[in-house]
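# Architecture at a glance
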Amino acid sequence: MRTRLVRAWGSGLSALVVAAGVLAAPGAVAQDGADVPAGYYDSAEGLTGEALKSELNDIISVGDQLSYSEVWAGLQASDEDPADPNNVVLLYSGESRAKNLNGGDVGDWNREHVWAKSHGDFGTATGPGTDLHHLRPTDVQVNSIRGNKDFDNGGSQVSGAPGNYTDSDSFEPRDEVKGDVARMILYMAVRYEGEDGFADLEPNDSVSNGSAPLHGRLSVLLDWHDADPVSAFEAHRNDVIYEQFQHNRNPFVDHPEWAAAIWG
């Protein structure tokens, strides 16, 4: 196990800095940084635990679903590089890469299922398999290295994606997106409760979940959620998905405190 330094996270909006083709981390954004529609979460206010989780499921289950082919256009909009509208920002490497380099060849970017699609065996079916709130552009080779591993700290540095680490059963993303990854996993656990023909997805504290509808490691994900606050890029992404595509939101981007209210 390697020794890691604790990162000091900034606060407030900051400019996105691009250097040598790699996007630096956006600054943390306040809870009201996203354009949350008035009244969207009113019915969830004051709730905690399972009652909050259930109410949020009711709220965010209302919306549209994409086909897997439509996901390409969704990601080109949601993950657009704010410094270059012809590019997207890759989740794990932070690299800015041309939108038209999407596909399955070396040098391309593809559609990464942050909640691994084998965890619940939903594949690329419309629903969890096409939900933009956990799909992100990633380098084809880095995506393959991540595979369907759970998330945890430790391992060896990933080739082609400095700051990411992996071992035989887990993957650790770079510090700048640790919170993003955590909030995507928590979103999936609230959105898919086994009520729509898909498995009931739940986080747990394991890194050996295989094809079970479980994803870990929850304790580490909650730490990442706290350490890496919502960024301007992440808040904007939530808005784009709501306004242009699915018309639902990730509640943990809008209300980070609800992670502890449910799983704390």
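Residues numbered from 1 in each chain as written. Predicted model: local features only at pLDDT ≥ 70, side-chain atom pairs only at ≥ 80, totals over all residues. Heavy atoms only, no water.

Counting its secondary structure elements, the protein contains eight helices and 13 strands. Burial status across the protein gives 51% buried among its 264 residues. Total accessible area computed for the protein in this model is approximately 10700 Å², and 50% of it derives from carbon and sulfur atoms. (Helix = DSSP H or I, 4+ residues; strand = E, 2+ residues; numbered from the N terminus. Buried < 20%, exposed > 50% of the residue type's maximum accessible area, 1.4 Å probe, protein only. Areas by Shrake-Rupley, 256 points an atom, 1.4 Å probe, with all protein chains shown as cover.)

Let us look at the nonpolar core. Among the nonpolar cores identified, the biggest contains 39 residues, and Leu56, Phe151, Phe252 and Trp263 are the most heavily contacted of them. Where this core is concerned, the elements lending two or more residues are helix H1 (49–60), helix H4 (178–191), helix H5 (218–227) and helix H8 (258–263). With nine residues, the single largest contributor to this core is H4. When sequence neighbours within four positions are dropped, the list of residues in contact with Trp263 reads Lys53, Leu186, Ala189, Val190, Pro203, Leu218, Leu222 and Phe252. Listed in part, the 12 residues of the second largest apolar core include Val88, Trp109, Leu132 and Phe245. (Core = buried A, V, L, I, M, F, W, Y, C linked by side-chain atoms within 4.5 Å. Contact = heavy atoms within 4.5 Å.)

The strand order across the open sheet built from three strands is S3-S4-S5, with neighbouring strands paired in antiparallel fashion. Every other strand in the sheet has two partners, leaving strand S3 (80–81) and strand S5 (96–98) as the edge strands with one partner each. As paired strands, S3 and strand S4 (residues 84–89) are joined by two bridges and run antiparallel to one another. From the neighbouring strand, Asp81 faces S4, where its bridge partner is Asp84. (Pairing = 2+ DSSP bridges.)

The next thing to look at is the sheet that holds strand S11 (residues 170–172). Sheet strands pair via backbone hydrogen bonds, and the direction of the pair is either parallel or antiparallel. Spatially, the four strands line up as an open sheet ordered S8-S11-S10-S9, and their pairing is mixed. This sheet does not close on itself; its edge strands, each paired only once, are strand S8 (150–151) and strand S9 (156–157).

Topologically, Tyr242 is positioned in helix H6 (residues 232–245). The residues touching Tyr242, leaving out its near neighbours within four places in the chain, are Pro37, Tyr40, His247, Asn248 and Arg249.

A separate point is the packing of aromatic side chains. The final tally for this structure, using the stated rule, is seven aromatic pairs. Look at Tyr40 and Tyr242: their rings are 5.7 Å apart centre to centre, the planes differ by 80 degrees, and that puts the pair in the edge-to-face class. Taken together, the positions of Tyr40 in the loop between strand S2 (22–23) and H1 and Tyr242 in helix H6 put the pair 202 residues apart, joining distant regions of the chain. Under the relative-accessibility criterion, Tyr40 is labelled buried at 15%. Taken together, a centroid distance of 5.2 Å and an interplanar angle of 80 degrees make the contact between Tyr41 and Trp258 edge-to-face. (Phe/Tyr/Trp six-rings, centres within 6.5 Å; stacked < 30°, edge-to-face > 60°.)

What follows concerns the packing of H4 against H5. Between H4 and H5, whose axes approach to 7 Å, the crossing angle comes to 125 degrees. It follows that H4 is oblique to H5 by the angle criterion. Read as a crossing pair, H4 and H5 show a hand that is left-handed. Contacts between H4 and H5 involve Lys178, Gly179, Val181, Ala182, Arg183, Ile185 and Leu186 on the former and, on the latter, Leu218, Leu221, Leu222, Trp224 and His225. When grouped by side-chain class, the residues that make up the contact of H4 with H5 number eight nonpolar, two polar and two charged. (Axes fitted to C-alpha atoms, helices over the stretch in contact; angles between N-to-C directions. Parallel < 35°, antiparallel > 145°, perpendicular 65-115°, else oblique. Left-handed = near helix turned anticlockwise from the far one by under 90°. Nonpolar A, V, L, I, M, F, W, Y, C, P; charged D, E, K, R; others polar.)

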